[in-house]
Amino acid sequence: MAILRAREEGATFGAIAEAAGTSSQAVQEIVRRHGPVKRSKPKAGVADPA
């Protein structure tokens, strides 16, 4: 999940690979297989619990 989030936030494959101790090709494959991070969005009309 950290790799996917980092990529979603604009980090390069090379930077992610260096931080994760792997190759940029491995990072690219992870992103390709697992796609963008899906975040749930609150439904309209639901009060913010904060």
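Thresholds applied
Residues numbered from 1 in each chain as written. Predicted model: local features only at pLDDT ≥ 70, side-chain atom pairs only at ≥ 80, totals over all residues. Heavy atoms only, no water. Helix = DSSP H or I, 4+ residues; strand = E, 2+ residues; numbered from the N terminus. Buried < 20%, exposed > 50% of the residue type's maximum accessible area, 1.4 Å probe, protein only. Areas by Shrake-Rupley, 256 points an atom, 1.4 Å probe, with all protein chains shown as cover. Core = buried A, V, L, I, M, F, W, Y, C linked by side-chain atoms within 4.5 Å. Contact = heavy atoms within 4.5 Å. Salt bridge = Lys/Arg side-chain N within 4 Å of Asp/Glu carboxyl O. pLDDT = per-residue confidence, 0-100. Axes fitted to C-alpha atoms, helices over the stretch in contact; angles between N-to-C directions. Parallel < 35°, antiparallel > 145°, perpendicular 65-115°, else oblique.

Undergrad: What am I meant to see in the overall build of the protein here?
TA: Assigned secondary structure in the protein consists of three helices and zero strands. Reading the secondary structure of the protein in the N-to-C direction produces α-α-α. Of all 50 residues assigned to the protein, the portion counted as buried reaches 16%. For the protein, the computed accessible surface area is about 4200 Å², with 54% contributed by carbon and sulfur atoms.

Undergrad: Looking at this structure, I do not really get the environment of V27. What am I missing?
TA: Here V27 lies in helix 3 (residues 24-34). With 14 residues separating them along the chain, V27 and F13 place their C-alpha atoms 6.2 Å apart.

Undergrad: Whenever I open this one, the nonpolar core confuses me. Can you help?
TA: Here is a general trend for soluble globular proteins: nonpolar side chains tend to be buried in one another's company. Formed by I3, L4, I16, A17, V27 and V31, the largest nonpolar core amounts to six residues. The set of elements that each furnish at least two residues to this core consists of helix 1 (2-8), helix 2 (13-20) and helix 3. Setting aside residues up to four positions removed in sequence, A17 forms contacts with T22, S23, S24 and V27.

Undergrad: Would you mind showing me how to read the pattern of salt bridges here?
TA: Opposite charge on two side chains permits them to pair, given that their charged atoms come into close proximity. Enumeration according to the criterion identifies two salt bridges in this entry. A salt bridge links E29 to R32; the shortest N-O distance between them is 2.6 Å. On the criterion of helical spacing, the pair formed by E29 and R32 is a turn pair, its members being three residues apart in helix 3. Overall, E29 belongs to the partly exposed group, its relative accessible area being 28%. The partner of R33 in a salt bridge is E29, with the nearest N and O atoms 2.7 Å apart. Taken together, the residues span about one helical turn, with R33 and E29 both in helix 3 at a distance of four residues.

Undergrad: What is the right way to read the confidence of the model for the protein from this model?
TA: Parts of the prediction with low pLDDT should not have their coordinates interpreted in detail. Residues with a pLDDT of 70 or more make up 70% of the protein, whose mean pLDDT is 84. Of all secondary-structure elements in the protein, the lowest mean pLDDT belongs to helix 1, at 93, while helix 2 reaches the highest, 96.

Undergrad: For this particular structure, what's the right way to read the packing of helix 2 against helix 3?
TA: For any two helices packed against each other, the geometry is given by the interaxial angle and the distance between the axes. The contact between helix 2 and helix 3 brings their axes to 8 Å, and the two run at 105 degrees. Of the possible angle classes, the one that applies to helix 2 and helix 3 is roughly perpendicular. From helix 2, F13, G14, I16 and A17 reach across to helix 3, where they touch S24, V27, Q28 and V31.

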